[in-house]
Protein chains: 2
Amino acid sequence: MRPQVLIIGCGFGGLEAARALRSADVDITLVDKTNHHLFQPLLYQVATAGLSAPSIAAPIRHLFRRQRNVTTLLGEVVAIDPQARTVALKDGATLHWDHLIVAAGATHSYFGRDDWAPFAPGLKTLDDAFEIRRRVLMAFEAAEREDDPARRAALLQFVVVGGGPTGVELAGTFAEIARHTLPGEFRRIDPRQARVLLVEGGARVLQSMPERLCERAREQLTALGVEVKLAARVTGIDAEGLDITSAAGHERLLSRCIVWAAGVAASPLGRTLAQATGCTLDRAGRVVVEPDLSLQGHPNIQVIGDLAAAHSHVPGREPRPVPGVSPGAKQMGRYAAANIQRRLRGEATQAFRYADYGNLATIGRNSAVVDLDTPAGPLRFSGYFAWLFWLFAHVWFLIGFRNRFVVLVDWAWAYWTHDRHARVVAGGISAASPASAAAASARPPAG
Amino acid sequence: MRPQVLIIGCGFGGLEAARALRSADVDITLVDKTNHHLFQPLLYQVATAGLSAPSIAAPIRHLFRRQRNVTTLLGEVVAIDPQARTVALKDGATLHWDHLIVAAGATHSYFGRDDWAPFAPGLKTLDDAFEIRRRVLMAFEAAEREDDPARRAALLQFVVVGGGPTGVELAGTFAEIARHTLPGEFRRIDPRQARVLLVEGGARVLQSMPERLCERAREQLTALGVEVKLAARVTGIDAEGLDITSAAGHERLLSRCIVWAAGVAASPLGRTLAQATGCTLDRAGRVVVEPDLSLQGHPNIQVIGDLAAAHSHVPGREPRPVPGVSPGAKQMGRYAAANIQRRLRGEATQAFRYADYGNLATIGRNSAVVDLDTPAGPLRFSGYFAWLFWLFAHVWFLIGFRNRFVVLVDWAWAYWTHDRHARVVAGGISAASPASAAAASARPPAG
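As the structure is a computational prediction, the values presented were derived from the model and not from experiment.

How each quantity is defined
Residues numbered from 1 in each chain as written. Chains lettered and ligands numbered in written order. Predicted model: local features only at pLDDT ≥ 70, side-chain atom pairs only at ≥ 80, totals over all residues. Heavy atoms only, no water. Helix = DSSP H or I, 4+ residues; strand = E, 2+ residues; numbered from the N terminus. Buried < 20%, exposed > 50% of the residue type's maximum accessible area, 1.4 Å probe, protein only. Contact = heavy atoms within 4.5 Å. Domains from an automatic or database assignment. Buried area = accessible area lost by both parts, 1.4 Å probe. Salt bridge = Lys/Arg side-chain N within 4 Å of Asp/Glu carboxyl O. UniProt positions renumbered as here; feature names shortened; annotations may be inferred. Pairing = 2+ DSSP bridges. Axes fitted to C-alpha atoms, helices over the stretch in contact; angles between N-to-C directions. Core = buried A, V, L, I, M, F, W, Y, C linked by side-chain atoms within 4.5 Å. Least-squares fit on C-alpha atoms with pLDDT ≥ 70 in both. Polar contact = N/O pair within 3.5 Å; in protein donor to acceptor, adjacent residues only side chain to side chain. Right-handed = clockwise from strand over helix to strand, strands pointing away.

Asker: Break down the overall build of chain A for me, with residues and values.
Answerer: Helix and strand content of chain A: 13 helices and 27 strands. On the principal axes, the C-alpha backbone points of chain A span a range of 70 × 55 × 45 Å. Within chain A, the fraction of its 447 residues that count as buried is 58%. Summarising the internal contacts of chain A: among those between residues at least 6 apart in sequence, 62% fall at separations of at least 24.

Asker: If you had to explain the domain arrangement of chain A to someone new, which residues and values would you point to?
Answerer: Residues and elements named next belong to chain A. Along its sequence, chain A is organised into domain 1 (4-33 + 75-108 + 265-344) and domain 2 (114-262 + 358-442). Relative placement of domain 1 and domain 2: their C-alpha centres are 31 Å apart. On the side of domain 2, seven residues touch domain 1, which itself brings seven residues to the contact. Here domain 1 and domain 2 share an interface that buries about 520 Å² over both sides, 61% of which is from carbon and sulfur atoms. Run the count over domain 1 and domain 2 and you get zero salt bridges.

Asker: Help me get a handle on the UniProt feature "domain: FAD/NAD(P)-binding" (unreviewed entry) in chain A, residues and values and all.
Answerer: With numbering matched to this structure, UniProt assigns "domain: FAD/NAD(P)-binding" (unreviewed entry) to residues 4-316 of chain A. Along residues 4-316 of chain A, the helical share is 28% and the strand share 30%, with 36 Å between the first and last C-alpha atoms.

Asker: Go over the sheet that holds strand 7 (residues 86-89) of chain B with me, naming the residues and quoting the values.
Answerer: All names here are of chain B. Judged by pairing direction, the sheet is antiparallel, and its three strands sit side by side in the order 6-7-8 without closing on themselves. A single partner strand is all that each edge strand has here, and the edge strands are strand 6 (77-81) and strand 8 (94-96). Strand-to-strand, the axes of this sheet are offset by a mean angle of 25°, without reference to chain direction. The sheet contact formed by strand 7 and strand 8 spans three bridges and is antiparallel. Paired with Ala-88 across the two strands is Thr-94, which belongs to strand 8.

Asker: Run through the nonpolar core, naming residues and quoting values.
Answerer: As a rule of thumb, nonpolar side chains are buried together in soluble globular proteins. By size, the foremost hydrophobic cluster in this structure holds 67 residues, and its most contacted members are A:Leu42, A:Leu126, A:Phe140, A:Phe158 and A:Phe174. Those residues in contact with A:Phe140 that sit more than four places away from it in its chain are A:Leu156, A:Phe158, A:Ala178, A:Leu182, A:Phe186, A:Ile189, A:Pro191 and A:Ala194. Counting residues in each nonpolar core, the second largest holds 66 residues, with B:Ile189, B:Val259, B:Ala361 and B:Val407 among its members.

Asker: How would you summarise the relation of the copies chain A and chain B if you had to cite specific residues and measurements?
Answerer: Taken as rigid bodies, chain A and chain B are interconverted by a rotation of 180° and an axial shift of 0.0 Å, the fit giving an RMSD of 0.0 Å. In the structure described here, the two chain copies are related by an operation that fits a two-fold rotation axis. Among all C-alpha atoms of chain A, that of A:Ser52 lies closest to the rotation axis, at 3.3 Å. The overlap is high: 100% of the interface residues of chain A also sit at the interface in chain B, so the same surface is used on both sides.

Asker: So what about the pattern of salt bridges? Which residues, and what values?
Answerer: As enumerated under the stated definition, the model contains 44 salt bridges over all chains in all. The shortest N-O distance in the salt bridge between B:Arg61 and A:Glu141 comes to 2.7 Å. Placement of B:Arg61 in helix 4 (residues 60-63) and of A:Glu141 in helix 5 (residues 126-145) is noted, with the two residues assigned to different chains. For the pair shown, B:Arg61 and A:Glu141 are each scored as buried. With its nearest N and O atoms 3.2 Å apart, the salt bridge here joins B:Arg151 to B:Glu146.

Asker: Could you give an account of the interface of chain A and chain B, with specific residues and numbers?
Answerer: With 55 residues of chain A at the interface, the matching set in chain B holds 55 residues. Carbon and sulfur atoms make up 58% of the area that chain A and chain B hide from each other, which totals about 5,000 Å². Salt-bridge contacts for B:Asp91 lead to A:Arg145; the nearest nitrogen and oxygen are separated by 2.4 Å. Inspection of the region where chain A meets chain B yields 25 residue pairs in polar contact (both at pLDDT 80 or more). When contributions to the side of chain A that touches chain B are tallied by element, the ones reaching two or more residues are strand 4 (57-59), helix 4 (60-63), strand 5 (70-74), helix 5 and helix 12 (401-417) of chain A. Tallying contributions element by element places helix 5 of chain A first for the side of chain A that touches chain B, with eight residues.

Asker: Tell me what's going on with the side chain of B:His62, and back it up with residues and numbers.
Answerer: Structurally, B:His62 can be placed in helix 4. Judged by relative accessible area, which is 14%, B:His62 ranks as buried. Residues contacting B:His62, with those up to four places away along its chain left out, are A:Glu185, A:Asp419 and A:Arg423.

Asker: Could you give an account of the pairing of strand 13 (residues 226-229) of chain A, with specific residues and numbers?
Answerer: All names here are of chain A. In this structure, strand 12 (residues 195-199) lies alongside strand 13, joined through four bridges in parallel fashion. Counted as the bridge partner of Val-196 is Val-226 from strand 13. Once the chain exits strand 12 it traverses helix 8 (residues 211-224) before rejoining the sheet at strand 13, and the crossover so formed is right-handed.

Asker: Describe the pairing of strand 11 (residues 157-161) of chain A, with residues and values.
Answerer: All names here are of chain A. The buried fraction of strand 11 amounts to five of the five residues, a majority that puts the element mostly inside the structure. Here strand 11 shows two buried faces, one formed by Gln-157, Val-159 and Val-161 and the other by Phe-158 and Val-160. As paired elements, strand 11 and strand 12 share five bridges and run parallel to each other. For Phe-158, the partnering residue across the bridge sits in strand 12 and is Val-196. Assessed by its sense of winding, the connection that carries the chain from strand 11 through helix 7 (residues 165-181) to strand 12 is right-handed. Where strand 11 meets strand 17 (residues 257-260), four bridges bridge the pair, whose relative direction is parallel. Across the sheet, residue Val-161 finds its bridge partner in strand 17, namely Trp-260.

Asker: Please provide a residue-by-residue account of the environment of A:Gly241, values included.
Answerer: Residues and elements named next belong to chain A. Along the chain, the position of Gly-241 falls in strand 15 (residues 241-246). The exposure class of Gly-241 is buried, given its relative accessible area of 0%. The sequence separation of Gly-241 and Phe-158 amounts to 83 residues, and the corresponding C-alpha distance is 9.7 Å.

Asker: So what's going on with the environment of A:Met138? Which residues, and what values?
Answerer: Within the secondary structure layout, A:Met138 lies in helix 5. For the pair A:Met138 and A:Ala103, spaced 35 residues apart in the sequence, the C-alpha separation amounts to 35 Å.

Given below as structure tokens:
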């Protein structure tokens, strides 16, 4: 019997690990809680009605249909036994492994305030994206029906918490929807009067970028119509709005559409793994791994992607933490696969080394910032050409040709018409009830 | 103040009525329970993962953005007052009207057995389509995980109840998915071993078609791999399967994926209207209307589309019932709009006359039947050219250019690759729970 490789989670890391083992003499089982690989960098487009879900989600078993050593299973891992080399699924089934790759990803963190979740959904899964889409579009619908000017103004106030890439993308696109997509379609309200706020606790947006680009990003957001509140801490969120505190004092913002893009926490599977193996978790719940991405004392268990607190090891230099971005997850996936093959050949494993090609972030129509490391030195620019660069990079990395083509058509159309074609809310008027929101938030993210 | 026209429901009838009033000196309010017009003839493609929802659903207010006399409101009408000329919305709001067009459509009927609904969802709304998509795809996923051969066989048994156009389309496409889309993607099951059954109570499928074409349709279904059971009555449906009775006796079919395409009932708004106006309902709950589509004694209320028990009036001929198809609803919408304009000019209203151009039904890849009335006489054909004809007719009538184009791309792709790109189930493994199914079934259809 060939060595059994079990991969938990089919995000960028798990997908890449399975692909990298395509010619290996192993049997691979890929377990995920959903039936699709999600191209997360474009998930905000589904949330803002620019793309339909199938454009950025590909059925996992379809991606591996020709890789005969991969078996795809839909399932949720609830326990890991390193001695017996098994995992238990939620429905009671047991899967055996010789080599385990845990790539269960991350979820959003409310920093201990999970009671905020129903009022401020995050964006990690397709369900999250549908919920945000629903809330944004339903807020405009409710405003059109509202006669009271104060309540109407509250309905037209949109707040994004967190100035990282996702927060910036969402806020920029909300402003675009209000200013360019919806005007002319309403008879009682003017969507352009909607107010979009981006609340960030730190002193800058896109903090992982060089300072000059952060400033450009803030300027571009402002030009798109987003009010950026920096150094502002959220102290409370409820059904009516949120409270923020800054140097200027306390402020109460009324809003029926708040999106949480502020915190990331590792998948709860990290804790499961810690209980089973005694491995260490960092403050964000990520698993501290050895240089070769394995667990201390458990060389046949590797943790990759957003679940791993991994470092990049360059000889002669201080190890540096790997950022939680998709190139990091993909590269870890390839390293994990290569290390399994080395172990099977009786060779020593290699320390992970992250190749950082830079950072892209889009802000909205025609606006993005690019921070690249090229052999000729750093390349940093912003504005229209940065946006074009961002667009082609993302379409290029989309999984599966058809998706790429459809996404390009959708974007070309959206660009010329300002239209957003996926403005469809299934379920209608009762769809935005707090109960359904709570249910959506309570559901764990894709593994 | 200009005359107020209120249209309830934005299906084919309501949409067409509002459009036909584009130059009229009236204010139109269009109320619908969802934010989108649904191209229902292609809804089965969303249910079978061939198209994404936004491809066949267009935001209503976007469709009317340039027609300035239309105000679109998201709302659910719960009461109609013909004396005060108002309707009440569920949230307590009141809308005034001088002319009322009720186009609330139909829902599925379980013929008094609503307890079957959780086990056999029907197909009327996007939520229905997502639920069916989920059940079909999750059945294959569960079968891949199932070791017991009997349970596995039950998971791979798909039953469609009802041999009308929707039932035939669904059964044909299920067979296509099992035979052409999924093979090669599973490692433990062979999707081609799935059994697709179509259970019809009458002696033929597509009973509204000429008998010869019904027979062709049955042959094409069989060629695609569907087992057609005619003259078979469903006597019970539960979580494990269904019971059918035919001349051959009793039969128990195990299935975890049953779709109900057998019965149609008018929207509950028909009963609301009957209580308010004393109008008559027919056996299917449809409102019996005057020749000009108005209600007896209430000339300023018209009922159109699937909610109306309407007749076509050709001078010198017996009035004939109008079939419940989209051309009927659209033509009624135009007549209702024209009659309002006649009344505003003080002219007499006109009796509705249905122009019957014939009937199309598709069965699956390369298979369809066409029954057309042309000036040169009836034109009846089936097979590949009928399928091409059906395809172009449907793409042609899709609302909005972008959708047409995307749908054509999707179909061309699907045709060449046998791929179905929308095989994405949001929510993952817990998505197919009976609770969520019951909730989806309990939700009323789009108005």
